[in-house]
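Residue-level structural notes
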Amino acid sequence: MPIEKIDTERCNGCEICVDGCPMDVIRFDEEVKKALIKYPKDCIACYNCEEDCPVGAIYVTPQRGTMVPPAW
Amino acid sequence: MSERRLETDVLVIGGGLAGCFAAVRAKELNSDVTLVEKNYVGKSGCSHYARDFMVFKEDWGDNFDEWMQQFSQIGEYLADRRWDEIILRESFQRFRDLISWGEPFYKKDGTVGFPEPGEEPFRLAFRKTKYRRTAVISKFGARHKMLIARKKVIDSGCKILDRIMITDLLEKDGRIVGAAGFHTRTGEFYLIEAKATVISSGGLGFRSARYGRQFNAGEGMTMGYRAGAELTSMEFGQGMYVVKECDTVTVDGPVAEIGQKRDRVTNAKGEEFLKEIPHIPINILWAIEFHKGRGPIYHEPYDVDREKYREELKKYNETAEAPIITMLDRAGLDIFKDRFEQYMAFDGTFYTGGLRINTNCETNVPGLYAAGDAAGTNFTGTTYAALGSGTAGASVTGYRAGQQAVEFAQNIKDFKINEVEVAKYREIVYGPLQRQGGFSPDHVLMRIQQTIFPYEIRIVMHEKRLQSALTMIEFFRDHFVPNLRASNAHDLRSAHEVRSMVLGAEVMLRAALFRTESRGWFYREDYPRRDDKNWLKWVLVRKEGEKMKIWAEPVPREYRGDTSLPYEVRYPLQYGEE
């Protein structure tokens, strides 16, 4: 999955990534007040979350890797 | 689950650049405006990932006839010249609007700022080739250009509803009177009654692999279709090569800008099969190379200055697009040292096809307007005419759609639907949540992508293969879609996207089967040449009863270019072995 982790130690609960995720992959964990990777299956590696995270808590790999046949 | 009912004069569905323009313009004309978005206005839509804005201005040396000729030629004579003229003429005013909203652009000296009204911004001019002459574009100066647009929408007094997915349009007396949907996190049912409705929810992307198009499932087009709206040019789609290790992006944009003269691309035999890279058909040429059994295809290491490239990429990063440096580094790819493999990804229908509109952005269904990629302006004909044309087109059509929707809304008194109808929409929206068994949206999504994405279906096309894909899509339509099952609000969103994609795929494949020729990015292996005699026509699709009606309409004579020119001159793009 492209989105690998949200470092809960670093996450400050600002919810920028929760708002910015175009695939609703990231939700907010109300209990611990941190961002949570809820539906990683739908991550599209757009990097909105990692790029906008003010504390550098998110890591995304560059490959979606599942659905395009390589054509040869 | 609870429900929310709202009433508004103008409902705008989709909060990218087109939707923001529609909302702001409608509000300027004193309308009550509601903008809904299935994600978050400010970080969604293709516009969030866009970097360029095409702005035409004669004072800056742009030649109107030359641009018009280019649209015609690149669009292979299916470009709608009414829209070409409108988008060119109005692009400057929309550019100024964006600056007035607080959108920075690159200035001529390379700094980012707010150009004065008469001041020409930095504009990237394309090298002149026989394919392209005059594409001159300016550049957004902010990565979060859409957050700036969001602020403008809110400051104007429009209401924004984020995370609301619209699934169906409300119909009353042959008019559209709003839409129904749900909140993709709480699952709440939303019913929004409106005097006029604008669809600006993007292209039919099949949740494509390509960066910046991955959330598009064509819901606006397909809900319009179900409500009786005509679709145009749905056979035209786009495929592009992506870097295997970072499979959502291409890396050649910045390279061209810093002076890479020629991409060196080799096939499995080591042959450089692209002697000269024309802008437009390159994706077709690649796909044909694969088709001939000469894959894998590699891009040879770039021979431009590495530091210059990284600098340029940083600029890319600051203003939009993928964080390519990060992606390449994480993939362990050094594109200046190593050759890298690329393969084909199909995007779906963007730029040209969509809900057929007149120059007032009205569809054939009263009360329904369309803008941006959801709208079929045909302004770039079969292809993609120029960098920045998507954002310029979205701005111009959005503005017009907002304005016309207000005019329509002013005369509407009765736009309430009855409770029986409400119950019907609730049933449609929640259908997948209520089923005990059935098919998960994830399963159906994967099956659709596996049917549509292979290069031999929609890039190198053939009747037999289109037909076989259509057979599968019909099965999905009849068997999977009525039995889609979702267990939460998140998956309900996917279920409705899948429902849209299956219908969109059927429209696209039937339209592709219908056009028995090749033209621009539309390549039929079984009909490899343009057929000017029979196919200077647009293909249209409409729902008639339960049937899909498909027909062709000739483009006006004055759009057809000089038909007496020799084939090779009229069509500088050649598919290889004609």
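So, how was this worked out
Residues numbered from 1 in each chain as written. Chains lettered and ligands numbered in written order. Predicted model: local features only at pLDDT ≥ 70, side-chain atom pairs only at ≥ 80, totals over all residues. Helix = DSSP H or I, 4+ residues; strand = E, 2+ residues; numbered from the N terminus. Buried ≥ 20, exposed ≤ 12 C-beta atoms within 10 Å, placed from the backbone. Contact = placed C-beta atoms within 7 Å. Nonpolar A, V, L, I, M, F, W, Y, C, P; charged D, E, K, R; others polar. Pairing = 2+ DSSP bridges. Core = buried A, V, L, I, M, F, W, Y, C linked by C-beta atoms within 7 Å. Domains from an automatic or database assignment. Axes fitted to C-alpha atoms, helices over the stretch in contact; angles between N-to-C directions. Left-handed = near helix turned anticlockwise from the far one by under 90°.

1. Description of the overall build of chain A
Tallying secondary structure elements over chain A gives 2 helices and 4 strands in all. Ordered by position from the N terminus, the helices and strands of chain A form the series β-α-β-β-α-β. Taken over the C-alpha atoms alone, chain A extends approximately 45 × 20 × 15 Å along its principal axes. In chain A, buried positions account for 46% of the 72 residues.

2. As for the interface of chain A and chain B
With 24 residues of chain A in contact, the opposing surface of chain B contributes 30 residues. Among the secondary structure elements, those contributing two or more residues to the side of chain A that touches chain B are α1 (16-20) and α2 (48-52) of chain A. Split by residue class, the side of chain A that touches chain B holds 14 nonpolar, 5 polar and 5 charged.

3. Side note on the sheet that holds strand β16 (residues 340-348) of chain B
Residue and element names in this part refer to chain B. With antiparallel pairing, the 4 strands of this open sheet are ordered in space as β13-β16-β15-β14. The open sheet has two edge strands with one neighbour each: β13 (238-243) and β14 (265-266). In this structure, strand β15 (residues 297-299) lies alongside β16, joined through 3 bridges in antiparallel fashion. Opposite Y298, over in β16, you have E341 as the bridge partner.

4. Overview of the nonpolar core
One recurring pattern in soluble globular proteins: nonpolar side chains tend to sit buried together. In terms of nonpolar packing, the biggest core is built from 194 residues, with V10(B) and A371(B) touching the most fellow members. Filtering out sequence-adjacent residues up to four positions away, A371(B) remains in contact with A18(B), A22(B), V198(B), S200(B), C361(B), A394(B), T397(B), G398(B) and A401(B).

5. A look at the domain arrangement of chain B
All names here are of chain B. Examined at the domain level, chain B breaks down into domain 1 (3-50 + 76-103 + 144-235 + 348-409), domain 2 (238-346) and domain 3 (431-570). One C-alpha centre belongs to domain 1, the other to domain 2, and the line joining them spans 32 Å. Listed by partner, the interface residues are 10 residues for domain 1 and 12 residues for domain 2. Looking at the side of domain 1 that touches domain 2 residue by residue, the classes come out as 6 nonpolar, 3 polar and 1 charged.

6. As for the packing of helix α1 (residues 17-28) of chain B against helix α10 (residues 389-409) of chain B
Each pair of packed helices can be summarised by the angle the axes make with each other and by the distance between the axes. Residue and element names in this part refer to chain B. Where α1 meets α10, the closest approach of the two axes is 7 Å, and the angle between their N-to-C directions is 35°. With respect to the hand of their crossing, α1 and α10 are arranged in right-handed fashion. Between α1 and α10, the contacting residues are L17, A18, G19, C20, F21, A22, A23, V24, R25 and A26 on the first element and T391, A394, S395, T397, G398, Y399, A401, G402, Q403, A405 and V406 on the second. Taken together, the residues that form the contact of α1 with α10 break down as 13 nonpolar, 7 polar and 1 charged.

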